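Structural features, examined
Residue-level listing of the chains:
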Amino acid sequence: MSNLSLFLGCVAPNRYPGIEAATKKTFSKLGIELDDLEGASCCPAPGVFRSFDKVTWLTLASRNIALSEEMDDDVLTICNGCYSTLKEADHELKSDADLKKDVNEKLFETGHEFRGQHDVRHVIEYLYQEIGVEGIRELVTAPLNMRVAVHYGCHLVQPLKEADSRLVSGDITFFDELVEATGATSVDYEDKMMCCGAGGGARAAAHDATLRITEKKLENMADAQVDCIINACPFCHLQFDSGQKDINEGSCTSYGIPVLHYTQLLGLAMGLSPEELGIDLNVTSTSEFIEKINDGSLMA
Amino acid sequence: MSSNIERCYQCGQCTSVCPMGEQEQTYRIRRFLQMEKLGLETEESMMVPFIFYCTTCYRCQDNCPQDVNLVDAVLAIREKAVHKGKMLEAHKKVGQMLVNYGHAVPTNADAMEKRVHLGLDKRPPTVQASIEGLSEIKTLLRLTGFDELVAESKPVEHVESAAMMHQTCFTQQQVVEEGA
Ligand code: SF4
Ligand code: SF4
């Protein structure tokens, strides 16, 4: 198995750095070294840039993969959007020699080459397939006792349909299983596989409509009386976390559900403090949640 | 995947599960596909800006009995519109972020403070900490013509160094805060 370089994308390092810190800290506990992907850019975002100009989208994506290949690493993404872009671009370039040649002609101008000899991984499918649910369970030193709403996100599931359909045929449970390995309970809720609302450039194009989609999801999650929302994507994270504030202001509601990336949940179960994982840095307050972690009422 | 909208037989099962269609009466995916199929260029104004509202959630596609690649079709319609100059202002700004900073969502003062607080480098080890990396991005975006595609008629100020990059970052950013 190749070593991994950590592809950060935009939203994690520049809005929710707690996700970046949590990824590094949990992987270090797993004994896996993550290389920095120095000089990486936006993936670039699958909905917007791919639909503005496909060649641009492929070119920048191939540069990001090439940077990782230069270190002989596979790419590890912590974001569904980045996964969708890099996985699909990687696939297209590997299966179309002319396209690869075209893109490489541009990349040569910057001293890089897309060789297509490595893989693109998403942190959730990586943990599930390489460490395994049992492997995660063994590393849990501070088992959790909480009800969580798992949000897969569209661009975790969709690329897997082509890349690894075993994980997404029939009932999809791989993310829930990883969550439950921490001791938490993944609670079923209505329309669980529904979109967060933000993707595809819609957040910029039709902000209010995307928030109404988000609000429907939040309503269903709140009905299921969950302690937090667990996602696998900083952009979904942003839509749920900062979206709750916007929704409360616009609709006179009072949503206050803490939003965590899976790496932050895993960090808690590995005995890291909420502050080390940046759980205190959300827009929607997490102070009550953190108190309950500290007084043990959300711990097993 | 490529576009295969000729397979569509207009059953409407895509529109019936579309979360954006539920919120926006004007967003009708089946209709957009039909207009595209018929080549109704004159009716394009009915598609723009709505075609840019799609969240690319794939729900329509999962529900289509004819295995139409709806999301690819949406992206192709958008690409055509963008190349005719019909890009939404908000998306153009996101494009300019990419040209200027190599990120659709660049850093800001708040993020840098949080990073330091977490024991991370103030700037992530991306193009935001690499003048050379940023210049590679600019070269590639020039080669693909993307810089022209998102340029204002009055050219946006190009920022050359990572140090300078910052100051203009904040003002521009307020316009499209996290708009990607
Ligand atoms: S569900 Fe498929 S076949 Fe039916 S209208 Fe939509 S695209 Fe056409
Ligand atoms: S992918 Fe776009 S058109 Fe299809 S259901 Fe989702 S929002 Fe609607």
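Residues numbered from 1 in each chain as written. Chains lettered and ligands numbered in written order. Predicted model: local features only at pLDDT ≥ 70, side-chain atom pairs only at ≥ 80, totals over all residues. Heavy atoms only, no water.

1. Points about the overall build of chain B
Along its length, chain B carries 11 helices and zero strands. Going from the N terminus to the C terminus, chain B shows its helices and strands as α-α-α-α-α-α-α-α-α-α-α. Taking all 180 residues of chain B together, 54% fall into the buried category. Here the analysis covers contacts within chain B between residues at least 6 apart in sequence; of these, 71% occur between residues at least 24 apart. Summed over its atoms, the accessible surface of chain B is roughly 8,200 Å², and 51% of this surface lies on carbon and sulfur atoms. (Helix = DSSP H or I, 4+ residues; strand = E, 2+ residues; numbered from the N terminus. Buried < 20%, exposed > 50% of the residue type's maximum accessible area, 1.4 Å probe, protein only. Contact = heavy atoms within 4.5 Å. Areas by Shrake-Rupley, 256 points an atom, 1.4 Å probe, with all protein chains shown as cover.)

2. Thoughts on helix 4 (residues 54–70) of chain A
All names here are of chain A. The end-to-end C-alpha separation of helix 4 is 24 Å, in line with the 24 Å expected for 17 residues at 1.5 Å each. Of all the 17 residues making up helix 4, 14 are buried; the element is thus mostly covered by neighbouring parts of the structure. Looking one or two residues beyond helix 4, the residue adopting positive phi is D72, at roughly 60°. (Expected span 1.5 Å × (residues − 1).)

3. A few points about unusual backbone geometry
A cis amide bond links C43 of chain A with the next residue in sequence, P44 of chain A, at an omega value of 0°. Note on placement: P44 of chain A falls in the loop between strand 2 (34–36) and helix 3 (48–52). Backbone geometry places C252 of chain A, a non-glycine residue, at a positive phi of 55°. In this structure, Q10 of chain B takes a positive phi of about 65° despite not being glycine. Structurally, Q10 of chain B can be placed in the segment before helix 1 (13–17). With a relative accessible area of 25%, Q10 of chain B lands in the partly exposed category.

4. Concerning the UniProt feature "domain: Cysteine-rich" (unreviewed entry) in chain A
All names here are of chain A. UniProt's feature table lists "domain: Cysteine-rich" (unreviewed entry) at residues 6–87 and 148–241, given in the numbering used throughout. Secondary structure within residues 6–87 divides into 60% helix and 12% strand; the distance between the first and last C-alpha atoms comes to 14 Å. Counted over residues 148–241, helix gives 49% and strand 10%. Its end C-alpha atoms are 15 Å apart. (UniProt positions renumbered as here; feature names shortened; annotations may be inferred.)

5. Thoughts on the site of ligand 1
Residue and element names in this part refer to chain B. The local shell around ligand 1 holds 14 residues, among which C8, C11, G12, C14 and C64 are the closest. Elements with a contribution of two residues or more to the shell around ligand 1: helix 1 and helix 3 (29–37). The class makeup of the residues in the shell around ligand 1 is nine nonpolar, four polar and one charged. (Near = heavy atom within 4 Å. Nonpolar A, V, L, I, M, F, W, Y, C, P; charged D, E, K, R; others polar.)

6. A look at the domain arrangement of chain A
Residue and element names in this part refer to chain A. Considered domain by domain, chain A is made up of domain 1 (4–123) and domain 2 (133–295). Centre-to-centre, using C-alpha coordinates, domain 1 lies 23 Å away from domain 2. Taken together, the contact pairs 25 residues of domain 1 with 31 residues of domain 2. Between domain 1 and domain 2 the total buried area reaches about 2,300 Å² when both faces are included, carbon and sulfur atoms providing 74% of it. Per-residue buried area on domain 1 facing domain 2 is highest for Y16, K29 and N80; these three make up 27% of the total on that side. One can count zero salt bridges joining domain 1 with domain 2. Counting across the interface, domain 1 meets domain 2 through five residue pairs in polar contact (both at pLDDT 80 or more). Looking at the side of domain 1 that touches domain 2, the elements that each hand over two or more residues are helix 1 (11–15), helix 2 (17–30) and helix 5 (80–95). With nine residues, the top contributor of residues to the side of domain 1 that touches domain 2 is helix 2. Split into classes, the residues belonging to the side of domain 1 that touches domain 2 amount to 12 nonpolar, nine polar and four charged. (Domains from an automatic or database assignment. Buried area = accessible area lost by both parts, 1.4 Å probe. Salt bridge = Lys/Arg side-chain N within 4 Å of Asp/Glu carboxyl O. Polar contact = N/O pair within 3.5 Å; in protein donor to acceptor, adjacent residues only side chain to side chain.)

7. Re the site of ligand 2
Residues in close proximity to ligand 2 include C18, P19, Y27, I29, C54, T55, T56, C57, Y58, R59, C60 and V71 of chain B, which together make up its full environment. Along the lines of polarity and charge, the residues of the shell around ligand 2 split into nine nonpolar, two polar and one charged.

8. Comments concerning the domain arrangement of chain B
Splitting chain B by domain gives domain 1 (5–84) and domain 2 (89–150). Computed from C-alpha coordinates alone, the two centres of domain 1 of chain B and domain 2 of chain B are separated by 31 Å.

9. Notes on the sheet that holds strand 6 (residues 185–186) of chain A
Residues and elements named next belong to chain A. In spatial order, the strands read 6-5-7-8; together these four strands make up an open sheet with parallel pairing. Each edge of the sheet is formed by a strand with only one pairing partner; in this case those strands are strand 6 and strand 8 (259–261). Contacts from helix 13 (residues 262–269) reach strand 7 (228–231) and strand 8 within the one sheet, and its direction differs from that of strand 8 by about 85°. (Pairing = 2+ DSSP bridges. Axes fitted to C-alpha atoms, helices over the stretch in contact; angles between N-to-C directions.)

10. Some thoughts on the confidence of the model for chain B
Residues and elements named next belong to chain B. Summing up the model confidence of chain B, the mean pLDDT is 83 and the portion of residues at 70 or higher is 80%. The low-confidence segment residues 154–180, where pLDDT is below 50, has 59 contacts with residues more than four positions distant or belonging to other chains. The complex prediction reports pTM at 0.92, with the ipTM value standing at 0.93. (pLDDT = per-residue confidence, 0-100.)

11. Some remarks on the pairing of strand 7 of chain A
The two faces of a sheet get side chains in turn, since along a regular strand they alternate between them. All names here are of chain A. Burial along strand 7 is two-sided: the face carrying C228 and I230 and the face carrying I229 and N231 are both buried. Where strand 5 (residues 147–150) and strand 7 come together, three bridges link them in parallel fashion. If you follow V150 over to strand 7, its bridge partner there is I230. When strand 7 meets strand 8, the two strands line up parallel, connected through three bridges. Of the residues in strand 8, the one forming a bridge with I230 is L260.

12. Points about the side chain of T284 of chain A
All names here are of chain A. You can see T284 is positioned in the loop between helix 13 and helix 14 (287–294). In terms of polar contacts, T284 uses its side chain to reach the backbone carbonyl oxygen of D241, at 2.8 Å. Not counting the four nearest positions on each side in its chain, T284 is found in contact with D241, Q244, K245, G256 and I257.

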